[in-house]
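# Tertiary structure, described
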Amino acid sequence: MNVQLHLGDCLEVMRSMPDKSVDAVITDPPYGIGLQAEKFTHWNGKKHNRYSRIIGDDSPFDPTPFMGFRTVVLFGANNYSDKLPVGGWIVWDKTLGKHDAKQAHPEMAWCNKKGVSMFRVLHNGVINDDSVIGNNQPRFHPTQKPVRLMRMIIEKFTNEGDTILDPFMGSGSTGIACVQTGRNFIGIEIDPDYFKIAERRIKEAQMQPRLDFQDGLAQ
């Protein structure tokens with residue numbers, strides 16, 4: 001299993017990558033909603049710190065450079081669906097049916113595979129899958145996805161041994177999920193602070209023995 005991490009602009013890094021070196025793009029890009037992440041704080045296990053702003057979130061997202069791969073999964077695609085071809089949708093249900101749905105709105109991702117898939121992974125305010133199930137992992141990024149959610153998506157849409165690219169790596173959840181499921185990973189992040197967090201988290205995941213995760217089936 002191979003892991004490559006790049007600090008820089010994803011479009012520049014991708015231009016240097018060999019053709020057919022990636023099987024799937026799975027990512028949560030900045031999609032132009034102007035999220036003021038720096039106004040929010042997160043608990044790092046010792047104290048509350050402010051998030052860094054999301055670079056690129058003040059401009060509309062263009063999915064075109066990320067479309068020419070066998071498998072493509074783009075979160076937040078309902079915000080730029082007019083720029084996407086006909087495809088399928090992933091619905092992330094955050095409530096597991098046990099919490100107030102008003103506090104945990106579902107999120108959607110576009111996929112270049114037809115059909116609709118639903119994944120139920122807890123994510124409700126300060127209560128989230130990584131903190132409850134994932135060894136009390138704090139949130140490092142304002143739009144951080146639970147590792148278990150990314151694992152479930154990766155296992156449904158890719159094969160063991162595939163190479164997965166996350167051009168907007170953030171805090172590295174996709175990379176951790178790849179390590180845990182036997183996929184090669186290429187991660188790119190433009191923010192130096194988030195890059196360091198992702199690098200550390202993925203290295204920690206590589207040091208852990210691989211387990212056979214029982215996440216259940218997507219619906």
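Above this text sits the structure in question.
Below you will find a few notes about this structure. Since this is a predicted model, take the numbers as computed values, not measurements. (Residues numbered from 1 in each chain as written. Predicted model: local features only at pLDDT ≥ 70, side-chain atom pairs only at ≥ 80, totals over all residues. Heavy atoms only, no water.)

## Considering the pairing of strand 7 (residues 107-111)
Two elements, strand 5 (residues 71-75) and strand 7, share three bridges in a ladder whose sense is antiparallel. Looking at the pairing, Leu74 lines up with Trp110 of strand 7. Here strand 6 (residues 88-93) runs beside strand 7; their pairing, made up of five bridges, is antiparallel. Bridge pairing links Gly88 to Cys111 in strand 7. (Pairing = 2+ DSSP bridges. Helix = DSSP H or I, 4+ residues; strand = E, 2+ residues; numbered from the N terminus.)

## Regarding helix 5 (residues 192-207)
For helix 5, built from 16 residues, the straight-helix expectation of 22 Å at 1.5 Å per residue is met to within 8% by its first-to-last C-alpha distance of 23 Å. Taken residue by residue, helix 5 has Tyr194, Phe195, Ile197, Ala198, Arg201, Ile202 and Ala205 as its buried positions. Along the axis of helix 5, the buried residues cluster in a sector spanning 160 degrees; they form a single face. Those residues of helix 5 that are exposed and aimed more than 90 degrees away from the buried face are Lys196 and Met207. Structurally, the start of helix 5 carries an N-cap: the backbone nitrogen of Asp193 is 2.8 Å from a side-chain oxygen of Asp191. (Expected span 1.5 Å × (residues − 1). Buried < 20%, exposed > 50% of the residue type's maximum accessible area, 1.4 Å probe, protein only. Arc of directions from axis to C-beta. Polar contact = N/O pair within 3.5 Å; in protein donor to acceptor, adjacent residues only side chain to side chain.)

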